[in-house]
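# Working through the structure, step by step
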Amino acid sequence: MEKQIKELFVDVSELEAPKPFEEVIQLLKQVKSGEYIRMRHRKKPLPLFQFLQENGFDSCILESASSGNAVFWEIIIWIKDDKPVHDYCTRTF
Amino acid sequence: MNTKGLSLNTIPPVSIPLRFFLTAPLFGVLAAMMVLYFGQDIWGSRWQARSLALTHLLTIGFMLMVMIGALYQFIPVMIGQLIPGGRKRVAIVHLFLVFGSLSLMSAFLIQETILFQLALISLAVSVFLFALSLLPLLITQLNDHLIVYLIRILFCVLIVTIGLGLFMLLAYAYPNLIINYREYTDIHASWGLIGWVVILIMAVSSQVIPMFFVTPDFSVKYLKILSLLIVLTLAMMSLMALTKIDIQAILNLLLSIELSFFTIYTLQLINQRKRKIPDITVSFWRVSLFSLMISIVYWWLLVLGTNSELIPLKWSSQSEFTLGLLLIYGLAISAIIGMLQKIVPFLLYLNLQNLSFKHPDSMSAEPKLVLNMKQIITNQQSKVQFVLHISSYLLLLISIYWVKFTWLAGLVVLINFSWLFITLLRGFILFSKKRKAILMHPEMKMEFTFNK
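Procedures and definitions
Residues numbered from 1 in each chain as written. Chains lettered and ligands numbered in written order. Predicted model: local features only at pLDDT ≥ 70, side-chain atom pairs only at ≥ 80, totals over all residues. Heavy atoms only, no water. Helix = DSSP H or I, 4+ residues; strand = E, 2+ residues; numbered from the N terminus. Rg over C-alpha atoms; globule rule 2.2 N^0.38 Å. Contact = heavy atoms within 4.5 Å. Areas by Shrake-Rupley, 256 points an atom, 1.4 Å probe, with all protein chains shown as cover. Lys, Arg positive; Asp, Glu negative; His and termini not counted. Charge placed at Lys NZ, Arg CZ, Asp CG, Glu CD. Buried < 20%, exposed > 50% of the residue type's maximum accessible area, 1.4 Å probe, protein only. Buried area = accessible area lost by both parts, 1.4 Å probe. Salt bridge = Lys/Arg side-chain N within 4 Å of Asp/Glu carboxyl O. Polar contact = N/O pair within 3.5 Å; in protein donor to acceptor, adjacent residues only side chain to side chain. Pairing = 2+ DSSP bridges. Axes fitted to C-alpha atoms, helices over the stretch in contact; angles between N-to-C directions. Patch = residues over 30% accessible without salt bridge, like charges linked within 9 Å, V, L, I, M, F, W, Y side chains within 5 Å. Phe/Tyr/Trp six-rings, centres within 6.5 Å; stacked < 30°, edge-to-face > 60°. Parallel < 35°, antiparallel > 145°, perpendicular 65-115°, else oblique. Left-handed = near helix turned anticlockwise from the far one by under 90°. Nonpolar A, V, L, I, M, F, W, Y, C, P; charged D, E, K, R; others polar. 1 Å grid on protein atoms, 1.4 Å probe; cavity = no way out; pocket = protein on both sides within 12 Å on 5 of 7 lines; lining within 4 Å. Points joined across faces, edges and corners; volume = space filled by probe spheres on them.

### A short note on the overall build of chain A
Within chain A, the regular secondary structure consists of three helices and four strands. Reading the helices (α) and strands (β) of chain A from amino to carboxyl end gives β-α-β-α-β-β-α. At 13 Å, chain A has a C-alpha radius of gyration in line with the 12 Å of a compact globule built from 93 residues. Along the first, second and third principal axes, the C-alpha set of chain A runs to 40 × 25 × 20 Å. Pairs at least 24 residues apart make up 63% of the contacts formed inside chain A by residues separated by at least 6 positions. As displayed, chain A offers around 4200 Å² of accessible surface, 48% of which is attributable to carbon and sulfur atoms. Across chain A, the mean location of the 13 positive side-chain charges is 1 Å away from that of the 15 negative side-chain charges.

### Quick notes on the overall build of chain B
The helix and strand inventory of chain B stands at 13 helices and zero strands. Projecting the C-alpha coordinates of chain B onto the three principal axes gives extents of approximately 90 × 45 × 45 Å. Scored against the burial criterion, the 452 residues of chain B give a buried share of 56%. Excluding contacts between residues fewer than 6 apart, the proportion of contacts in chain B whose partners are at least 24 apart in sequence is 79%. Counting only carbon and sulfur atoms, one obtains 69% of the accessible surface of chain B, whose full area is about 19500 Å². Side chains of chain B give 31 positive and 15 negative charges; the mean places of these two sets differ by 10 Å.

### Considering the interface of chain A and chain B
Taken together, the contacts link 37 residues of chain A with 36 residues of chain B. Interface area, chain A with chain B, both sides summed: about 3300 Å², of which 59% is carbon and sulfur. The shortest N-O distance in the salt bridge between Lys 43 of chain A and Asp 217 of chain B comes to 2.8 Å. On the surface where chain A and chain B come into contact, there are seven residue pairs in polar contact (both at pLDDT 80 or more). Elements with a minimum of two residues in the side of chain A that touches chain B: α1 (19-30), α2 (46-54), β3 (57-63), β4 (73-79) and α3 (83-92) of chain A. With seven residues, α2 of chain A is the largest single contributor of residues to the side of chain A that touches chain B.

### Things to note about the sheet that holds β4 of chain A
All names here are of chain A. Pairing is mixed across the open sheet formed by four strands, whose spatial order is β1-β2-β4-β3. Whereas interior strands pair on both sides, the edge strands pair on one side only; in this sheet they are β1 (6-11) and β3. When the angles between neighbouring strand axes are averaged without regard to direction, this sheet yields 20 degrees. Packed on one face of the sheet, α1 meets β1, β2 (35-41), β3 and β4 and runs near 175 degrees to β2.

### Quick word on the pattern of salt bridges
Residue and element names in this part refer to chain A. Counted by the stated rule, this structure contains 13 salt bridges over all chains. Linking Arg 38 and Glu 7 is a salt bridge whose minimum nitrogen-to-oxygen distance equals 3.0 Å. Separated by 31 residues along the polypeptide, Arg 38 in strand β2 and Glu 7 in strand β1 bring together distant segments of the chain. In this structure, Arg 40 engages Asp 11 in a salt bridge whose closest nitrogen and oxygen atoms are separated by 3.7 Å. In this pair, Arg 40 sits in strand β2 while Asp 11 sits in strand β1, placing the two residues 29 residues apart along the sequence. A residue is classified by how much of its surface remains accessible, and Asp 11, at 39% relative accessible area, is partly exposed. A single salt-bridge network, built from bridges that share partners, covers Lys 6, Lys 32 and Glu 35.

### Some details on unusual backbone geometry
The omega torsion across Ala 17 of chain A and Pro 18 of chain A is 0 degrees, close enough to zero to call that bond cis. Mapped onto the elements of the fold, Pro 18 of chain A is located in the loop between β1 and α1. With an omega dihedral of -10 degrees, the bond running from Glu 366 of chain B to Pro 367 of chain B counts as a cis peptide bond. For Pro 367 of chain B, the position within the fold is in the loop between α10 (317-358) and α11 (373-376). Of note in this structure, Val 214 of chain B is not a glycine but carries a positive phi near 50 degrees. Among the secondary structure elements, Val 214 of chain B is positioned in the loop between α6 (182-213) and α7 (220-243).

### Let's talk about a nonpolar patch on the surface
A surface patch of nonpolar side chains, about 560 Å² in accessible area, is lined by Leu 394, Ile 398, Tyr 401, Trp 402, Phe 405 and Leu 408 of chain B. Sort the elements by how many residues they give to the nonpolar patch and helix α12 (residues 379-401) of chain B lands first, with three residues.

### Focus: the packing of aromatic side chains
Residue and element names in this part refer to chain B. A full pass over the atoms with the stated rule returns 25 aromatic pairs over all chains. Considering the side-chain rings of Phe 167 and Tyr 184, the 5.5 Å spacing of their centres and the 90 degrees angle between planes classify their relative orientation as edge-to-face. Remark: Tyr 184 occurs in helix α6 and Phe 167 occurs in helix α5 (residues 146-173); sequence separation between them is 17 residues. For Phe 167, a relative accessible area of 31% puts it in the partly exposed group.

### Thoughts on the packing of helix α4 (residues 113-140) of chain B against α5 of chain B
Residue and element names in this part refer to chain B. Two numbers describe how α4 lies on α5: the axes approach to 10 Å, and their chain directions differ by 165 degrees. Relative to α5, the element α4 lies roughly antiparallel. Every pair of crossing elements has a handedness; the one defined by α4 and α5 is left-handed. In this structure, α4 contributes Thr 113, Phe 116, Gln 117, Ala 119, Leu 120, Leu 123, Ala 124, Val 127, Ala 131, Leu 134, Leu 135 and Leu 138 to the contact, and α5 contributes Val 148, Ile 151, Arg 152, Phe 155, Leu 158, Ile 159, Ile 162, Leu 166, Leu 169, Leu 170, Tyr 172 and Ala 173. Its residues assigned to classes, the contact of α4 with α5 shows 21 nonpolar, two polar and one charged.

### With respect to empty space enclosed by the protein
Residues and elements named next belong to chain B. Counting across every chain of the model gives five cavities of 30 Å³ or more. One number sums up the size of the largest cavity: a volume of about 100 Å³. Lining the largest cavity, in full, are Asp 279, Ile 280, Thr 281, Gln 341, Lys 342, Pro 345, Met 373, Lys 374, Ile 377, Asn 379 and Ser 382. Among the secondary structure elements, those contributing two or more residues to the lining of the largest cavity are α9 (280-307), α10, α11 and α12. When the residues that make up the lining of the largest cavity are grouped by side-chain class, the tally is four nonpolar, four polar and three charged.

This is the structure in structure tokens:
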């Protein structure tokens, strides 16, 4: 079952605002059941979390590997009602 | 960390910050009209009522107005919580700030005690209510987010600056009290222009520069130490000025080093942008930082020139106006106009994007209903703004020494602030039209494709 779960990865860590937001919006429009988004970002994008909460998505944030002084974040996003992906993401991340 | 439990309120409603941003340029326009009206007489002495009226139109009417609006926008985006108080309190803060600024300008020009009293009450109500709104966040937000720390420092600086300002206003409003306010003027000005302006620019830069220009992050440690040092130095300078103990030279040197460090550090970060795409707002920031640097050098030349025949510069009304312009128009207003070119389109874009997801049918509409930032304020508009701003800045500086340029300077300042107003208003009208069009589509939840 879990083999069918697909990751959509986007690295926005070198993009200026609001490009990271625009990039992830494009993915949110395409994401289907059985898929989740992994977004690499150099900031904790708080407005995105509100956006996700209000529009039927669930998410979690992880501190990713740092390079020098810079800390990177990984934001995992999935459709709230997609139970298999929800279970997979909460177990894995 | 799962974000499910977070209660976020990070996208401020457009009407809250935008009312401040749209009102502020009109005070710039009023300031320009004053320059046009008084002509070369505006550069008499900084103690003249008309100069005080002009200064406060720019510092309270424009700068404080934008900065309060910017804090209403920044704090939610950075810490995930709106500034408490609700829309009614925002309306009161705004209204009293507008009324207070207008009363203060009129009071200086007409010299009517009642107008000073009105200004005193209105400005006190506005700033007190705003400070009261900020207070719960500053006490309860115990995380060590840089912006919370800097706003705590700014809060103290604002209380000292405005507190001293209101105290001096008391002397004008109630002459019977016989308050010797003149000895506080320089202290009020240093807290306002160095404390409030520089630390505010520090706070705004620490968020805006890495976010919009993709530079490395500011060092949290550097900015925390630096802001604290600046405040401590200012506090000691104020105490020394009042007690007449003379270690001013050491403190001046210390302050110059702190300010120079911030300038060089920020310029260096800007130069480390990852994607060096041409962006006119970077130029606004450079002008602002170079103005601070020039004002430090110019100030030292004045201090040294007063004690030495080798340096021809001496303190005079002209040199005081030059310093004032470098700090107010060069340092503060350049950064503020540059910042507005970014944060206003960002706010409008974010609100449209959020709304369109709640009305998903609107996403397929052509032409697109969610404007991108460059459509809200175009590159061309920002370039025109920069040319106007630089021209007006240089003309103002020139007109202090060649007064026949004053009228031309006033005219270009008028065009500069009018252009800013028109640009922001146009962006807002575009936003309103698109918002209306999105709202024509039914509100529903996004439908996702689920595998059976």
